[in-house]
Number of protein chains: 2
Amino acid sequence: MATYFEQLKARLAQVSDLQRAAAVLEWDQQVNMPHGGSNARARQLATLHELAHTLFVAEVTGDWLEHAAAEVAAMSPDSNEACLVRVTRRDYDRLRRVPGSLVAERAQVTAEAFQAWEQARAESRFAMFAPHLQRVLDVTSRSAEALGYEDCIYDALLDQFEPEMRTKDVTGIFAELRNGLVRLVRAISDHGRPIDDSVLSRRFPEAAQWDFGLTVLEDMGFDTACGRQDRSAHPFTTSFSPHDVRITTRINPNQLHSGLFSTVHEGGHALYDQGISMELDRTPLCDGASFSLHESQSRLWENIVARSHCFWTHYLPRLTEYFPQQLADQTVDSFYRAINRVEPSLIRVEADEVTYNLHIFLRFELEQELLEGRLKVSELPEAWNAKMESYLGILPGDDATGVLQDVHWSSGSFGYFPSYALGNLLAVQFYNQALQDMPELPDQIAQGYLHPLRAWLRDHIHIHGKKMMPDQLVRQVTGQPLSAAPFLTYLETKYAEIYGL
Amino acid sequence: MATYFEQLKARLAQVSDLQRAAAVLEWDQQVNMPHGGSNARARQLATLHELAHTLFVAEVTGDWLEHAAAEVAAMSPDSNEACLVRVTRRDYDRLRRVPGSLVAERAQVTAEAFQAWEQARAESRFAMFAPHLQRVLDVTSRSAEALGYEDCIYDALLDQFEPEMRTKDVTGIFAELRNGLVRLVRAISDHGRPIDDSVLSRRFPEAAQWDFGLTVLEDMGFDTACGRQDRSAHPFTTSFSPHDVRITTRINPNQLHSGLFSTVHEGGHALYDQGISMELDRTPLCDGASFSLHESQSRLWENIVARSHCFWTHYLPRLTEYFPQQLADQTVDSFYRAINRVEPSLIRVEADEVTYNLHIFLRFELEQELLEGRLKVSELPEAWNAKMESYLGILPGDDATGVLQDVHWSSGSFGYFPSYALGNLLAVQFYNQALQDMPELPDQIAQGYLHPLRAWLRDHIHIHGKKMMPDQLVRQVTGQPLSAAPFLTYLETKYAEIYGL
């Protein structure tokens, strides 16, 4: 006779299988699927998401959950069992509020919108995407209303990515961040010595870029027996289990940094997904603690590690083996400066560390305006451009490099962008702590010995999956709450040295 | 208010979505999945198949079905609606007999067995696969018993692939076939003039083979906006909708015929799947009428078309553009003879047209012996080798080229092999009819103009999907039932000319 807890766990495993299956279909959609397959795929995804939702929010799941809570009451609150019941209770109470039909509609609408976005972006025509975006926005609003919120509709969306965080918290942190960033950007543009990064735009054949990227991934500890890398228009990471984690990248033969840092970025995400304890597999705990936690891992590897001087002490000679002519004139200093050049630019995912968060502020504000009805979809390109000018002082030449650049809105991921900025902050907080625990870290990185850092991240963060609330995990690892100050200090120190401020 | 028919159709669409999703996961498993993903994938597939089964055989589906039958009673029996109710009724009554837990167990066991088979085959060690095969056999037997049968257990399995066909029917057809084939093989080996096919073993770089294969696929009418080709260990075709059909091939740089004919073979399957009426999408009618019907399409293209003299009249010059040195000494006659050389060989999928069916007889007999308990799994390699010697006069040097060569048993597809032989027979019957309708067909093929044949096949066969029972479809298209005689006549004529008999 199975306990209630076991029955609950079996149901959650079924739900997880359906969600992972949907993830396979979504991965295929972005990596392999011929264009003709889009309608059928949209319906298949709608069915999978609707069934997962229906099974999860079923009355009987709630009954098992209640009885399971009693069964695990005597166990340690840190036990897998107690955490599973606690996290499931939170998710259950939230998702019970969203009707299954809305979940299915959302899956269908976003799958179609994704296809439309891809084409609209290829043709750089926002008008092709606009009616789809309107539908996504409608279904997102209805979901948010169903989920409920205290202060503002954006809270309901933000909570999906950053459990227990409120829009006003983000607004506060962003305000502090904005002041520091504006100061630093101005200092660099007024007093910084110029940096020549033209080396990155030389011709770097794609196959060699691909191969070098793979060697870095393996050095980072990405397990290729439990994952693979492919190409897609918009790089992403997805997990079908900790033993099957897929990343994608894009490679531009005239932009060395584009593919390289995207590979390392997604590799950071992948290490998190591969590092979650197998004991948590097929449960809602087999996930990152939050999207910002996940992003902290990718940004830590991409920026703090792979844009550091010590990293290139080891890797520039390696990279030069792949591109002897293109890099013949480079020193670690010159290359380090080139990859850290600060310049306002159009594309978020290719922005430097200093200006990156300005792209997030723009999206955070536009999303709130759209959801609160203060901005119409048709007005979005204009509003986008106005904010680009105000935050970054530049204007996109077309929709493809402007309002159409990100996949997120097509997939209904409103409320997601703040996680990127918060992830940047956490990355510094975690790295500072790792450095305190292992002062030899920079020396190890300078020898291409990346495993100690990965092991530290695994033991302190990855292994726990989603057992803790993000705030609890951050405090447990660093002794401090999420904060903008360490990030600003990190930037000011690094860029004062690079730009001779 | 939805009619019962509409409710039924919505349920069937959900089931179809789950099955198609499983097909995506299975495709990924064979094409992309890293080894570490196998356990999770097995569980995901088990969940998808179990849910599809549970939804299909639910009590309420039966209620809707009964009421829907009344609703469509006045419609033409050929209408999509009447066919859907009829076919669903047949499937429903059969599958109601299999418990969902057995379906899930079967999915899990076969997914694991597939992984084991891949590894066992790579290492050529049957013993690694044996315990998995035993489990597959057990779960298959239990499924067959649950399905029920009149004469013998094999009937229950055969019916899954060849609706309404009995083991004794197959035995009768195979007996006629065996006599004719044995006679022909003997005549060729005793009196045939020798054929030199060494040209096929020259060095043919893989990329050029791939590219040539794609041009033939496109000439055949394979729509690359609604499908794609990849590589896998064992070539196969799968469909996620008529607008997303995937084929795989394998390419051997020292065996031109291996990849070429596998591409055309799977292309023939793909044309069937792409040709089914979109009106039937997301219903049980969006499928081939039977596995032999499906196989008839692949074999028609592979053998009757792509191993014909007229085909190479057009394509040898094209192929020579890809391989100018390797084919410099070839004429259409010499090449035609090389690709039609008859010789007993170890690997079924690479066997010539004449000896191919002997491989099927062997499997048909072994499967019955295993299922009836007359043969133990541990005795299988020995029994395999004995039958190879008896039917083909040769012995495999190892398990990989013997008992481990086919994927089918690992996926629990007992009862499937006869469809290959029956498909060979049907291919000739269909082609003869097409030729009667369009006497200009060989001239068109000789000009590389393959579309008329594809259009004929689409209009007469593909478009109908699974609306008719196979026997009904065959009689409607050819005016005759399935029969061995046309196939034997085709072989005798073709090979008498080639071998100067």
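Residues numbered from 1 in each chain as written. Chains lettered and ligands numbered in written order. Predicted model: local features only at pLDDT ≥ 70, side-chain atom pairs only at ≥ 80, totals over all residues.

1. Description of the interface of chain B and chain A
Heads up, the rule is: Whether two residues are in contact is decided by their C-beta atoms, placed from the backbone, lying within 7 Å. In DSSP terms, a helix is any run of H or I states spanning at least four residues, a strand is any run of E spanning at least two, and both are numbered starting from the N terminus. Polar here means any residue outside two lists: the nonpolar Ala, Val, Leu, Ile, Met, Phe, Trp, Tyr, Cys and Pro, and the charged Asp, Glu, Lys and Arg; Gly therefore counts as polar.
Taken together, the contact pairs 29 residues of chain B with 29 residues of chain A. Of all the secondary structure elements, the ones that give two or more residues to the side of chain B that touches chain A are helix 1 (4-31), helix 2 (38-57), strand 1 (227-231) and strand 2 (237-241) of chain B. Considering every element that reaches the side of chain B that touches chain A, the biggest residue donor is helix 1 of chain B, with eight residues. The residue inventory of the side of chain B that touches chain A, partitioned by class, reads twelve nonpolar, eleven polar and six charged.

2. Let's talk about the relation of the copies chain B and chain A
For the pair of chain copies, the relating transformation is a rotation about an axis with a translation along it. Cut-off, in case you're wondering: The fit set for superposing copies consists of C-alpha atoms from residues with pLDDT of at least 70 in both; the fit itself is least squares.
Under the fitted operation, chain B is carried onto chain A by 0.0 Å of movement along the axis and a turn of 180°, and the coordinates agree to an RMSD of 0.0 Å. Accordingly, the operation relating the two chain copies is best matched by a two-fold axis. In this assembly the copies share their binding face: 100% of the residues contributing to the interface of chain B also contribute to that of chain A.

3. Some thoughts on the nonpolar core
The condition is simple: By definition, a nonpolar core groups buried Ala, Val, Leu, Ile, Met, Phe, Trp, Tyr and Cys residues that connect through C-beta atoms lying within 7 Å of each other. Put simply, a residue is buried when 20 or more other C-beta atoms lie within 10 Å of its own C-beta and exposed when 12 or fewer do; between those, it is partly exposed, and each C-beta is set from the backbone.
By size, the foremost hydrophobic cluster in this structure holds 284 residues, and its most contacted members are Ala21 of chain A together with Ala21 of chain B. Once residues lying within four places of it in the same chain are set aside, the contact partners of alanine 21 of chain A are Leu48 of chain A together with Ala21, Leu25, Gln44 and Leu48 of chain B.

4. Brief notes about the domain arrangement of chain A
All names here are of chain A. For the record, the criterion: Source of the domain bounds: an automatic or database domain assignment.
Looking at chain A, the domain boundaries give domain 1 (4-148) and domain 2 (167-499). For domain 1 and domain 2, the distance between their C-alpha centres works out to 26 Å. Among the elements that take part in the side of domain 1 that touches domain 2, helix 1 (residues 4-31) stands out by supplying twelve residues, more than any other. Tallied by class, residues from the side of domain 1 that touches domain 2 come to 20 nonpolar, ten polar and nine charged.

5. Some words on the environment of histidine 314 of chain A
Residues and elements named next belong to chain A. Structurally, the position occupied by histidine 314 is in helix 12 (residues 309-322). Between the C-alpha atom of histidine 314 and that of isoleucine 445, which follows or precedes it by 131 residues, the distance is 7.6 Å. Sequence-distant contacts of histidine 314, that is, excluding residues within four places in its chain, are made with Ala446, Gln447 and Gly448.

6. Notes on the sheet that holds strand 3 (residues 244-249) of chain A
All names here are of chain A. Test applied: DSSP calls a pair of strands paired once it identifies at least 2 bridges connecting them. Angles here are taken between N-to-C directions and fall from 0 to 180 degrees, while the axes themselves are lines fitted to C-alpha atoms, restricted in helices to the stretch in contact.
With mixed pairing, three strands are arranged side by side in an open sheet as 1-3-2. Only two strands of the sheet have a single partner each, and these edge strands are strand 1 (227-231) and strand 2 (237-241). Across the sheet, the mean angle from the axis of one strand to that of its neighbour is 20°, orientation sign disregarded. Relative to strand 3, strand 2 is paired through four bridges, and the arrangement is antiparallel. Of the residues in strand 3, the one forming a bridge with serine 241 is aspartate 244.

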